[in-house]
Structures are given as structure tokens and as C-alpha cells.
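Letter by letter, the chains look like this.
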Amino acid sequence: MFTFTLPELLQQMANGLTVGCLYALVAIGYTMVYGILRLINFAHCDIFMMSMYFCFYSISVFSLPWPVALLLVVVATALLGVLIEKAAYRPLREAPRISLLISAIGVSYLLENLATVLFTGVPRSFPAVGSLQKIVNLGDVRVQQLAIYAPVIMLLLLAALLYLINKTKTGMAMRAASKDFETARLMGINVNKTISVTFLVGSALAAVGAVIWGQKYSQIQPYVGVMPGLKCFIAAVIGGIGNIKGAVVGSLMLGMLEILMVWRFSALSGFKDAFAFIILIIILIFKPTGLFGETFVDKV
Amino acid sequence: MQPVLRTEHVTMRFGGVMAVGDLNIELFPHEIVAIIGPNGAGKTTAFNLITGVYVPTEGKVFFAPGGEGGKLVDITGKKADAITRMGMARTFQNIRLFKSQTVYENILIGQHLHVKAGLFASVSGIARKEEQEMRRRADELLELLGLSRVRDELCTSLPYGLQRRLEIARALATNPTLLLLDEPAAGMNPQETVELTAFIHDVKEQFNLTVLMIEHHMDLVMDISDRIYVLDFGQTIAAGTPAEIQNNDRVIEAYLGGNTDA
């Protein structure tokens, strides 16, 4: 069990890194929405799914060139996220949090069934970008180009996001609103607009994640988002939900551990998904707020 | 003289409970006006109605955005953030700073309003100058209010009196013409209260403000207020100068309940 060569290990770690980066792009959306609304947005995984269909239609059906399609997919997905927030969450702003959660579950089912009606349940093949599938040799390690691009894209987007949050007026409004809506309003911050931006950004990142995801797992159907969505949610919780860096670290950790587990215990590979939950349970036992979670002490 | 704030028959019911009934107050430029009354009299509700946290069940609120000489506009039903942008700021009875952030960051959020540049300008660097300006103003404000020493400390680590002061500083960062203070002296000892009285007076002068405050410390109220409104069970039972209020029988009855050793 402990006999392997270094290139083998690096090879697997490259795979784990790719998966981790994909998780991160989606997990950030969960964590941002949680950060500002204290809501687990169950519809996020279906936004991811819709995004895959948007891409499928732009490329495979309407034969748009990739750059145009990509832009279209990101914009459409971001707008979908904003629309969902406006229609399903905004009317419940003053309602108990449980209503919001139920609304999120409702939107999730709605999107899955809508996709089944619109796109049928027949699995489709996600359009591949040839160059990303190409194998490159890095010394003894052979990886797809994807394994190089995924981390680069993820890190660039992460840097842009952190800049947005920490350095801009919008980001300042987001941070203030995530602490206290009422006080934020009394600082002149338009809270509804700020929440819309949060959904816009989270959904756009999920769209990028979906397109790259499709390069690795090419079959799509209306329930394609469910498992990745759950995994990314787990990753966000592991990192400490509400914390963006936590979501990224949690995602990379989860992706890496999953791949390494399947590699070292190939007999158990069928339990890959269960493994993610086991990691979650273990982490929550020792660190209930996740790795980077804040422990809020609310003084009255 | 034109008032800067006026409420007309403002009423707030929560179900069957009338929290505020027929509130009619007027504030003139550069006044310090106090609202007093026993617990549950509807003072904080009145603040929430004026600042747009609640929408009144009946009545109207008018506010002059430009401060002195500004024209009164109807702000009833406007959102709290829109009203803040017009130049009204407030503090809370229970301090509501942005926890886990430093003193400086709290001030910057208050200044959020004055950053005009959106996302794209901030990337392109147009905003660099504006940001420097914002940071300079924040430091200036901290200096003026005697908070420079604790600039980079977590706001929750400050002593109570300074947290109150910071909350006022943060409200001032939104550049208001009207400042509402909800029990600024709550939980303060006599020494701190004396300091606060001077502080409110200074701030009012320096920032050219009109001040409306809720307060229980009668020494402070009588010392600093130009006029006083007295609320009881949501009704305004008296209004006048401190001297008039001190000799008003209804106030003495409502406030002290005939029991003078309170």
C-alpha cells in the first residue's frame, strides 16, 4: 500500500489539484451567499447545471465561437443568479431564516424539473475544448493541459474577487452588509443592490467552474449539479462557511484527499462520495466552525 | 426659521399596540433637542420611524436634505440608506459597531457614501486619489474625536465610553446635517457622562449639526438641550425648554410616578 513512485504521486496530486480548483469555483458561491444572507443556497448547484446547458446550447447547437459562447454563458448564469435572488429570496428578507431555506430548496427542484422539461433527461455530451484535453509531459508526469489551466484560472479569479471585496466600494458594502443589514443601511449602503452583486459574482464564478468541469466530466443531464454541488458545499463548510479563503482551502483539500483516497484504496473507489462526507464529519467534530470559520460571540 | 425635520401625526402600531401615537416634533437648525420618557414610551420607535427603519402606520416625516435653509421633503416610506444619503445619521442604544473590524475600518464604512467611483474606476486607478482622500478624511475624523490612539485596534476591544464615541464618529463619517443619538450616555458613569456632554456639544459646533437625542441622564439632558419633548405610552405629553419641563406637573407625574426617590 505504501509503495509508489514520486511521479505517480505527483500525477495524482495534479488530478487532485484540478478537481480542487473546480470545487473552489463553485464553493465560493456557497460561501459568499452564506456570508451575506446566512443562507445555504441549495439552488447554487442547479445554477451550475443550467450554466452547463447554456454552454452546450451555445456551442453544440448554435455553433457560436468559444469566446462569444463563454461570455454569453457567464453573463446568462450571473443574471440567472440575480433573478433567483430577486424572485425567491428578496421577498423573504424579513422572514424567518427557515423560510428562506425552504425557498432555496424549492428553487432547486424548480430548476431541475424545468431543465428536464426544456432539455429532456437524455444525457448530452458537453462540448470539449481540444487544446485543454491535450496531454503534456512535465518531466515524468503526464497531465492534461486542463490541469495547468484550471489552477491558473481559479487563482486569477480568486485574486480579482479578493480585490473586489477588500479594495472596492462594492466590496466594502458587501462586508458591512454581511455583518449587520440595518446598520449597513444606516451607513447609506443599498443592501438589496449589494446582495444582487453577491449573487452576480457567485453565479459567474460557478459558470466558469461549470465550463471547466464539463472538460473533465463531459456528460450532462438535469441532475448533473447535485453531487458537485454537495461536494462544494462540503468544501465550503470544511473551510468555514462564510470565509472565501476557507472555501478555497477546503476545496483544494477535499479534491486532493478524494483523489488520493481513490488512488491508494482503489478497492474503495465506489465510496469516493461517501468519503467526502466522512471528512466533513471528522472536521466538524474537531472544529465545528470549519478551518477558518469565525466564532461569533454575540454580546447582547 | 425653517425647520430641518418635522413629523406630522406620525403613528406606529404593532398589531394592537400603539408604540407611537400622533408624534409631532420639529427641529430647527443647530438645535439640540432631547426626547425623554420612561422605558417603553416609544422613544426608540420614534427614532426608527424618522430614520426609515420602520414605515409609520400613519403620518408623514419631512426632512431638509441640505441642512439649514434646505427645503423640507417628504421622506415617509423612503429606505434607510436613501435617508442616510440625504444627510441623516444615527447611533444605537445598544452599540452596533461592525464587530471584528478595527476602529479605522468602521470609519471607512461610514465614508462608503462619499466614494463615487464604482467598480471599474477603482480598477483603472481613477479611484486611487479618491481613496487617498477618503483615508485622509477618516484619519482627520479620528484625530478630531480623539480616537487616533486606538485607530488600528479591534472596535470590540475598546472601553465602553470609546465605543460610544466611535459610533458617533462613524455616524459623522456619513457627513450628516442631522445627528440622532439614541441614549448616548447609557451605561456610563458620572465622569464619562460629563465628558460626553462636552463632547456632544463640541461635535455639534464643529460639524455644524442639528442633534436629536434620546437620553435618561437628566443632568445631561437639562444641561445640553435647547428643547425637550416628553413621551409617555407613545403620546407626547409635554414639550418645551428644560426649565419648562422641570416644572411641568404631568412630566413629574409620568416620569417619577409621584415617587421622588427614583
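Scroll up a little and you will see the structure.
All values derive from a computational prediction rather than experimental measurement.

**Notes on the overall build of chain A**
1) Next: Of the regular secondary structure elements, chain A holds 12 helices and 4 strands.
2) Next: The C-alpha atoms of chain A give 19 Å as radius of gyration, which agrees with the globular expectation for 300 residues (19 Å, within 12%).
3) Next: The principal-axis extents of the C-alpha atoms in chain A amount to approximately 60 × 50 × 35 Å.
4) Next: Out of the 300 residues in chain A, the part that is buried amounts to 47%.
5) Next: If you take every contact in chain A between residues at least 6 apart in sequence, the share linking residues at least 24 apart comes to 75%.

**Some points on the overall build of chain B**
1) Next: From N to C terminus, chain B includes 10 helices and 11 strands.
2) Next: Computed over C-alpha atoms, the radius of gyration of chain B comes to 19 Å, within 12% of the 18 Å expected from 2.2 N^0.38 for 262 residues, which places it in the range of a compact globule.
3) Next: Overall size of chain B, expressed as C-alpha extent along the three principal axes, is 65 × 40 × 35 Å.
4) Next: Taking all 262 residues of chain B together, 41% fall into the buried category.
5) Next: A sequence separation of at least 24 residues applies to 66% of the contacts in chain B between residues at least 6 apart.

**Observations regarding helix α3 (residues 66–89) of chain A**
In an α-helix there are 3.6 residues to a turn, and that puts residues three or four apart on one side.
1) Next: With 24 residues, α3 of chain A extends 33 Å between its outermost C-alpha atoms, agreeing within 8% with the 34 Å of an ideal straight helix rising 1.5 Å per residue.
2) Next: Turning to α3 of chain A, the residues buried within the fold contact α1 (6–37), α2 (44–61), α4 (97–119) and α9 (191–216) of chain A.

**A look at unusual backbone geometry**
Residues and elements named next belong to chain B.
1) Next: At Asp22, a position not held by glycine, the phi torsion is positive, near 50°.
2) Next: Its location among the elements puts Asp22 in strand β2 (residues 17–23).
3) Next: Of the residues examined, Asp22 has 15 C-beta atoms within 10 Å and is grouped as partly exposed.
4) Next: The backbone phi angle of Ser100 is positive, close to 55°, even though this residue is not glycine.

**What about the interface of chain A and chain B?**
1) Next: At the junction of the two partners, chain A supplies 19 residues and chain B supplies 23 residues.
2) Next: Among the elements of the structure, α7 (169–179) and α8 (181–186) of chain A are those that each provide at least two residues to the side of chain A that touches chain B.
3) Next: By residue number, the principal contributor to the side of chain A that touches chain B is α7 of chain A, which donates 6 residues.
4) Next: When its residues are assigned to classes, the side of chain A that touches chain B shows 7 nonpolar, 5 polar and 7 charged.

**Quick notes on the sheet that holds strand β7 (residues 88–90) of chain B**
Residue and element names in this part refer to chain B.
1) Next: An order of β7-β8-β9-β4-β10-β11 is seen for the 6 strands of this open sheet, with the pairing classed as mixed. Single-partner strands in this sheet number two, and they are β7 and β11 (235–240). Recorded for the sheet is a direction-independent mean angle of 15° between the axes of neighbouring strands.

**Structural notes on the pairing of strand β2 (residues 135–138) of chain A**
Residue and element names in this part refer to chain A.
1) Next: Here β2 pairs with strand β3 (residues 141–144) via 4 bridges, running antiparallel. Bridging across to β3, Val136 finds its partner in Val143.
2) Next: The hairpin formed by β2 and β3 contains 2 residues between the paired strands, and Gly139 there has a positive phi angle of roughly 65°.

**Quick notes on the nonpolar core**
1) Next: Grouped together as the largest cluster of nonpolar side chains are 161 residues, with contacts concentrated most on Ala24, Leu25, Ala27, Met52 and Ala177 of chain A together with Ala169 of chain B.
2) Next: The contacts of Leu25 of chain A, once residues within four sequence positions are left out, are Met154, Leu205, Ala206, Val208 and Gly209 of chain A.

**Details of the environment of Leu147 of chain B**
Residue and element names in this part refer to chain B.
1) Next: Considering the arrangement of structural elements, one finds Leu147 in the loop between α5 (126–144) and α6 (160–173).
2) Next: On a C-alpha basis, the gap between Leu147 and Leu166 in space is 7.5 Å, while along the polypeptide they are 19 residues apart.
3) Next: Those residues within four positions of Leu147 in sequence are excluded, and the remaining contacts are Val103, Leu142, Leu162, Arg165, Leu166 and Ala169.

**Quick notes on the environment of Gly15 of chain B**
All names here are of chain B.
1) Next: With respect to the helices and strands, the residue Gly15 is situated in the loop between β1 (5–14) and β2.
2) Next: Accessibility expressed as a C-beta count within 10 Å gives 5 for Gly15, which makes it exposed.
3) Next: On a C-alpha basis, the gap between Gly15 and Asn106 in space is 36 Å, while along the polypeptide they are 91 residues apart.

About the thresholds
Residues numbered from 1 in each chain as written. Chains lettered and ligands numbered in written order. Predicted model: local features only at pLDDT ≥ 70, side-chain atom pairs only at ≥ 80, totals over all residues. Helix = DSSP H or I, 4+ residues; strand = E, 2+ residues; numbered from the N terminus. Rg over C-alpha atoms; globule rule 2.2 N^0.38 Å. Buried ≥ 20, exposed ≤ 12 C-beta atoms within 10 Å, placed from the backbone. Contact = placed C-beta atoms within 7 Å. Expected span 1.5 Å × (residues − 1). Nonpolar A, V, L, I, M, F, W, Y, C, P; charged D, E, K, R; others polar. Pairing = 2+ DSSP bridges. Axes fitted to C-alpha atoms, helices over the stretch in contact; angles between N-to-C directions. Core = buried A, V, L, I, M, F, W, Y, C linked by C-beta atoms within 7 Å.

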